[in-house]
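These are the residues of each chain, in order.
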Amino acid sequence: MKRVLIINGPNLQLLGTREAKIYGSDTLESINSDLESLANLLDLKLSFYQSNHEGGIVDQIGLSLGSFDGIIINPGAYTHTSIAIRDAIAAVQLPTIEIHLSNIYQREDFRKKTLIAPVCLGQISGFGATGYQLALRAINKHLLINI
């Protein structure tokens, strides 16, 4: 059974109440629950991690080596600022998909630059909570093809 680590960055624990017009009304707990249901159908094992702290995210990525087959990450605001998260993803060399609830390219100029995407398998942006399921399906397909 393939294992996928789902990482959520700063302020994502506030989903459901935080700027619903931008991020939707789904909570992080409901997104994770939906992912668990899909993972069961896809025969994947998921682990979830959320942190508002860059170092914690970097530590989790480093610990994923040897324990996980892939990563799905919503780095939140660290998308635009974190060389450390980018370097951690590059270092572990696990297939990684960057996810964003909102379309970062339709937002403020500073959000249009991602330091994370260049070291990822791909990016899903702008589909709300559905984007997480798209990412899980995409990483599953990638893992099946690249056994």
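Criteria and thresholds
Residues numbered from 1 in each chain as written. Predicted model: local features only at pLDDT ≥ 70, side-chain atom pairs only at ≥ 80, totals over all residues. Heavy atoms only, no water. Salt bridge = Lys/Arg side-chain N within 4 Å of Asp/Glu carboxyl O. Buried < 20%, exposed > 50% of the residue type's maximum accessible area, 1.4 Å probe, protein only. Helix = DSSP H or I, 4+ residues; strand = E, 2+ residues; numbered from the N terminus. Contact = heavy atoms within 4.5 Å. Core = buried A, V, L, I, M, F, W, Y, C linked by side-chain atoms within 4.5 Å. Arc of directions from axis to C-beta.

Engineer: Can you walk me through the pattern of salt bridges in this structure?
Structural biologist: When the charged atoms of two side chains with opposite charge come close together, those side chains can pair. Scanning all chains against the criterion turns up 2 salt bridges. Note that Asp 87 and Arg 86 form a salt bridge whose closest N and O atoms lie 3.9 Å from each other. Accessibility expressed as a relative area gives 40% for Asp 87, which makes it partly exposed. Here Arg 107 ties to Glu 108 by a salt bridge, and the two come within 3.7 Å at their closest N and O atoms. Looking at Arg 107, the relative accessible area reads 16%, which means it is buried.

Engineer: It is not clear to me how the side chain of Ser 64 should be interpreted in this structure. Could you clarify?
Structural biologist: Along the chain, the position of Ser 64 falls in helix H3 (residues 54-64). Each residue touching Ser 64, except ones within four places of it in the same chain, is listed here: Leu 5, Ile 71, Val 92 and Leu 94.

Engineer: Help me understand the nonpolar core in this model?
Structural biologist: Across soluble globular proteins, nonpolar side chains show a tendency to be buried alongside one another. By size, the foremost hydrophobic cluster in this structure holds 23 residues, and its most contacted members are Val 4, Ile 72, Tyr 132 and Leu 136. Where this core is concerned, the elements lending two or more residues are strand E1 (2-8), helix H2 (28-42), strand E2 (44-50), strand E4 (96-100) and helix H5 (130-145). The residues touching Ile 72, leaving out its near neighbours within four places in the chain, are Val 4, Leu 5, Ile 6, Ile 7, Ile 97, Ile 99, Ala 135, Leu 136 and Ile 139. In terms of nonpolar packing, the next biggest core, distinct from the first, is built from 15 residues, Leu 5, Ile 7, Tyr 78 and Ile 89 among them.

Engineer: Can you walk me through helix H4 (residues 83-92) in this structure?
Structural biologist: One full turn of an α-helix is made of 3.6 residues, so residues set three or four places apart face in the same direction. Among the residues making up H4, those that are buried are Ile 85, Ala 88, Ile 89 and Val 92. For H4, the angular spread of buried residues about the axis comes to 95°, placing them on one side. Facing away from the buried side of H4 by over 90 degrees, the exposed positions are Ile 83 and Ala 91. Residues of H4 that are buried make contact with H3, strand E3 (70-74) and E4.

Engineer: What's the story with H3 in this structure? I'm lost.
Structural biologist: By the burial criterion, the buried members of H3 are Gly 56, Ile 57, Ile 61 and Ser 64. Summarising the axial view, the buried residues of H3 lie within an arc of 135°, below the 170-degree limit, and thus occupy one face. Facing away from the buried side of H3, by more than 90 degrees, are the exposed residues Asp 59 and Leu 63. Buried residues belonging to H3 abut E1, E2, E3 and H4. Two residues or fewer past H3, Gly 66 is found with a positive phi of approximately 90°.

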